[in-house]
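Architecture and fold: a report
Each chain, letter by letter, is given below.
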Amino acid sequence: QVQLVESGGGLVQPGGSLRLSCAASGSIRGVNTMGWFRQAPGKERELVAKITSGGATEFDASVKGRFTITRINANNTVYLQMNSLKPEGTAVYYCNIKGFYGEGYDWADSWGQGTQVTVSS
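The following refers to the structure shown. Source: prediction; values computed, not measured. (Residues numbered from 1 in each chain as written. Predicted model: local features only at pLDDT ≥ 70, side-chain atom pairs only at ≥ 80, totals over all residues. Heavy atoms only, no water.)

1. Brief notes about the pairing of strand β5 (residues 46–51)
Our working rule: One requirement defines pairing of two strands: DSSP has to find at least two bridges between them. Secondary structure elements are taken from DSSP: a helix is a run of H or I of four residues or more, a strand is a run of E of two residues or more, and numbering for both begins at the N terminus.
As judged from the five bridges shared by strand β4 (residues 28–39) and β5, these two strands associate in the antiparallel manner. In the sheet register, W36 faces β5, and the bridge partner there is A49. Following β4, the chain reverses through six residues before pairing antiparallel with β5; G42 in that reversal takes a positive phi of roughly 80°. Sheet topology places β5 next to strand β6 (residues 57–59); three bridges connect them, and they run antiparallel. Residue I51 lies in a different strand from β6, and its bridge partner there is T57. In this structure, the hairpin formed by β5 and β6 is closed by a connection of five residues, where G55 is found at a positive phi of approximately 95°.

2. Overview of the packing of aromatic side chains
As a reminder, the rule being used: Between 30 and 60 degrees the pair is tilted, below 30 it is stacked and above 60 it is edge-to-face, where a pair is any two Phe, Tyr or Trp rings, Trp via its six-membered ring, whose centres lie within 6.5 Å. Burial status follows relative accessibility: with a 1.4 Å probe on protein chains alone, a residue under 20% of its type maximum counts as buried, one over 50% as exposed, and anything between as partly exposed. Whether a charge lies above a ring is judged from NZ of Lys or CZ of Arg, which has to be within 6 Å of the ring centre and within 35 degrees of the ring normal.
Going through the model one piece at a time under the given rule, you end up with two aromatic pairs. With 4.9 Å between their ring centres and 65° between their planes, F37 and W111 make a pair best called edge-to-face. Within this pair, whereas F37 is found in strand β4, its partner W111 is found in strand β10 (residues 106–111), the two being separated by 74 residues in sequence. Overall, the relative accessible area of 17% leaves F37 in the buried class. A residue is classified by how much of its surface remains accessible, and W111, at 36% relative accessible area, is partly exposed. Aromatic pair F100 and W107: ring centres 5.0 Å apart, planes at 70°, arrangement edge-to-face. The residue whose ring lies beneath R19 is Y79, and the NZ or CZ to ring-centre distance is 4.0 Å.

3. Observations concerning a nonpolar patch on the surface
The test is simple: Grouping into patches uses exposed residues only, defined as over 30% relative accessible area, and leaves out salt-bridged ones; the cut-off is 9 Å for like charges and 5 Å for nonpolar side chains (Val, Leu, Ile, Met, Phe, Trp, Tyr). Here the accessible surface of atoms and residues is derived via Shrake-Rupley with a 1.4 Å probe, and residues count as covered only by protein chains that are part of the display. Definition used for salt bridges: Asp or Glu carboxyl oxygen within 4 Å of a side-chain nitrogen of Lys or Arg.
Among the surface-exposed residues, F100, Y105 and W107 lie close enough to one another that they form a single nonpolar patch of about 330 Å² accessible area. Here Y105 is to be found in the loop between β9 (91–101) and β10. Judged by its relative accessible area of 49%, Y105 is partly exposed.

4. Concerning the environment of S25
Note the cut-off: Whether two residues touch is decided by their heavy atoms; if any such pair falls within 4.5 Å, the residues are in contact.
As for its position among the elements, S25 is in strand β3 (residues 18–26). Separated by 21 residues in the primary sequence, S25 and L4 have C-alpha atoms spaced 6.5 Å apart. With residues near it in sequence (within four places) discarded, S25 still touches Q1, V2 and Q3.

What follows is the structure, encoded as structure tokens:
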């Protein structure tokens, strides 16, 4: 089993910054991609950013240039630095990791519980 613990959400004014953190624990054998998704009310969950084990990154066009994603492989942690936040960024943000766990190296696509980000004046 893999557990993800997220932190860092909250209320911020437009133009402000927040940093989300996600730490993975459990019988992790290897982590491939780590990423962040978000879901606004009435909308589908969408990819915000992801980073591979080799450090390659991908961002949604709406956040490119404002958000940064980084990871620390040694402790299976991923961060999302969000700058110049806009009201349309209001959503529940979910951490996601894809990798292997357990003695059998089973594949896991794991999700965090979500953290609320509200951008409002």
